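Here is what each chain is made of, one letter per residue.
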Amino acid sequence: MTITNGLCSLSDVKSAMNIFDSTDDSRISLAVEAASRMIEADCNRRFYQDASVSTRVFAPLSGFLCLTDDISTTTGLIVKTDTGFDGTFAQTWTAADYQLEPLNGIVDGQPWPATQIRAVESLTFPYSRTRAVVQVTAKWGWSAVPTAVKQAAIIQSISVFKSVEAPFGALGLADTGILRIRSGLHPSAAMLVAPYRRDAVLVA
């Protein structure tokens, strides 16, 4: 099978397991895809970039700050607001009206997508308790998979691949005895992706 938006590659996992034939390629590919979606569900974000822009709406936290989903690039980015609270996003913001954060696209020295928009000039975000009033058109996701996430995907893919050998949740090994399969992410994978977890964004 073809891996779609995998966080690691088939060859990454085969290399980690010292597999040099293609007998299990289909099963490993399936494990990579499953592991990739497990990690993204755990982090509440996805680590691939959309091929084209799409539009989403958000509820701002205040007149000056709006949290968004991950914005991978400023190319094609459009910000609009519904100042009339009628579902019509008539006010288009210029690039000078806002700044994307984190500043410089960096968190703890690592490349990071924009996750919030701050009003910095005369315009402010309208505020409503009942309506999403900020419309953002963007390429969503990450421009590249972070190294730690890729390593977590390799570990989790191996865990998923090996889990078929433990249909009742336990695998007998000659060297270590009984190995119990955990629910959720492998502990090492969970540790690696911990800095990338985020809370849900108010999005409609």
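Provided above is the structure to which this section pertains.
Residues numbered from 1 in each chain as written. Predicted model: local features only at pLDDT ≥ 70, side-chain atom pairs only at ≥ 80, totals over all residues. Heavy atoms only, no water.

### Considering the packing of aromatic side chains
Two aromatic rings are characterised by how far apart their centres lie and by the angle between their planes. Counting across every chain of the model gives 7 aromatic pairs. A centroid spacing of 5.0 Å and a plane angle of 65° characterise the contact between Trp112 and Trp142, whose relative ring orientation is edge-to-face. Of this pair, Trp112 sits in the loop between β7 (110–111) and β8 (114–119) while Trp142 is found in the loop between β9 (134–138) and α3 (147–163), placing the two residues 30 residues apart along the sequence. Side by side, Trp112 and Trp142 carry an identical accessibility label, which is buried. Judged by centre distance (5.2 Å) and plane angle (10°), the rings of Trp112 and Tyr196 are stacked. Taken as a pair, Trp112 in the loop between β7 and β8 and Tyr196 in the segment after α4 (187–193) lie far apart in primary sequence, 84 residues in all. Exposure class is identical for Trp112 and Tyr196. Each is buried. Connected via pairs of aromatic rings, a cluster forms that spans Phe47, Trp112, Trp142 and Tyr196. We note Arg46 situated over the ring of Tyr48; from NZ or CZ to the ring centre the distance is 4.6 Å. (Phe/Tyr/Trp six-rings, centres within 6.5 Å; stacked < 30°, edge-to-face > 60°. Helix = DSSP H or I, 4+ residues; strand = E, 2+ residues; numbered from the N terminus. Buried < 20%, exposed > 50% of the residue type's maximum accessible area, 1.4 Å probe, protein only. Lys NZ or Arg CZ within 6 Å of the ring centre and 35° of its normal.)

### A closer look at the nonpolar core
Counting residues in each nonpolar core, the largest one holds 26 residues, and the members touching the most others are Ile28, Ile39, Phe47, Val149, Val193 and Tyr196. Secondary structure elements with two or more residues in this core: α2 (25–43), α3 and α4. With 7 residues, α3 is the largest single contributor of residues to this core. Beyond its immediate stretch of four places on either side in the chain, Tyr196 contacts Cys43, Arg45, Phe47, Trp112, Trp142, Pro146, Ala148 and Val149. (Core = buried A, V, L, I, M, F, W, Y, C linked by side-chain atoms within 4.5 Å. Contact = heavy atoms within 4.5 Å.)

### A closer look at the pattern of salt bridges
The tally for this structure, following the rule as stated, stands at 11 salt bridges. Linking Glu33 and Arg37 is a salt bridge whose minimum nitrogen-to-oxygen distance equals 3.7 Å. Of this pair, Glu33 and Arg37 both sit in helix α2, separated by 4 residues, roughly a single helical turn. In this structure Glu33 comes out as buried when scored by relative accessible area, which is 19%. Residue class for Arg37 comes out partly exposed when judged on its relative accessible area of 28%. With a closest N to O distance of 2.9 Å, Glu40 and Arg37 form a salt bridge. Placement of the pair is Glu40 and Arg37 together in helix α2, with a separation of 3 residues, close to one helical turn. Judged by its relative accessible area of 8%, Glu40 is buried. (Salt bridge = Lys/Arg side-chain N within 4 Å of Asp/Glu carboxyl O.)

### What to know about unusual backbone geometry
For the bond running from Glu101 to Pro102, omega is 10°, close enough to zero to count as cis. Although it is not a glycine, Asn18 sits at a positive phi angle of roughly 55°. If you trace the backbone, Asn18 turns up in the loop between α1 (10–16) and α2. The backbone of Phe85 shows a phi angle near 55°, a positive value even though the residue is not glycine. Mapped onto the elements of the fold, Phe85 is located in the loop between β3 (78–81) and β4 (91–92). Here Phe85 falls in the partly exposed class, since its relative accessible area comes to 36%.

### Remarks on the pairing of β8
By the criterion of burial, β8 is predominantly enclosed, with 5 of the 6 residues buried. Relative to β8, strand β2 (residues 65–71) is paired through 4 bridges, and the arrangement is antiparallel. Paired with Leu65 across the bridge in β8 is Arg118. Looking at chain direction, strand β5 (residues 98–101) and β8 are connected through 4 bridges and run antiparallel. Residue pairing across strands places Leu100 opposite Ile117, the latter belonging to β8. (Pairing = 2+ DSSP bridges.)

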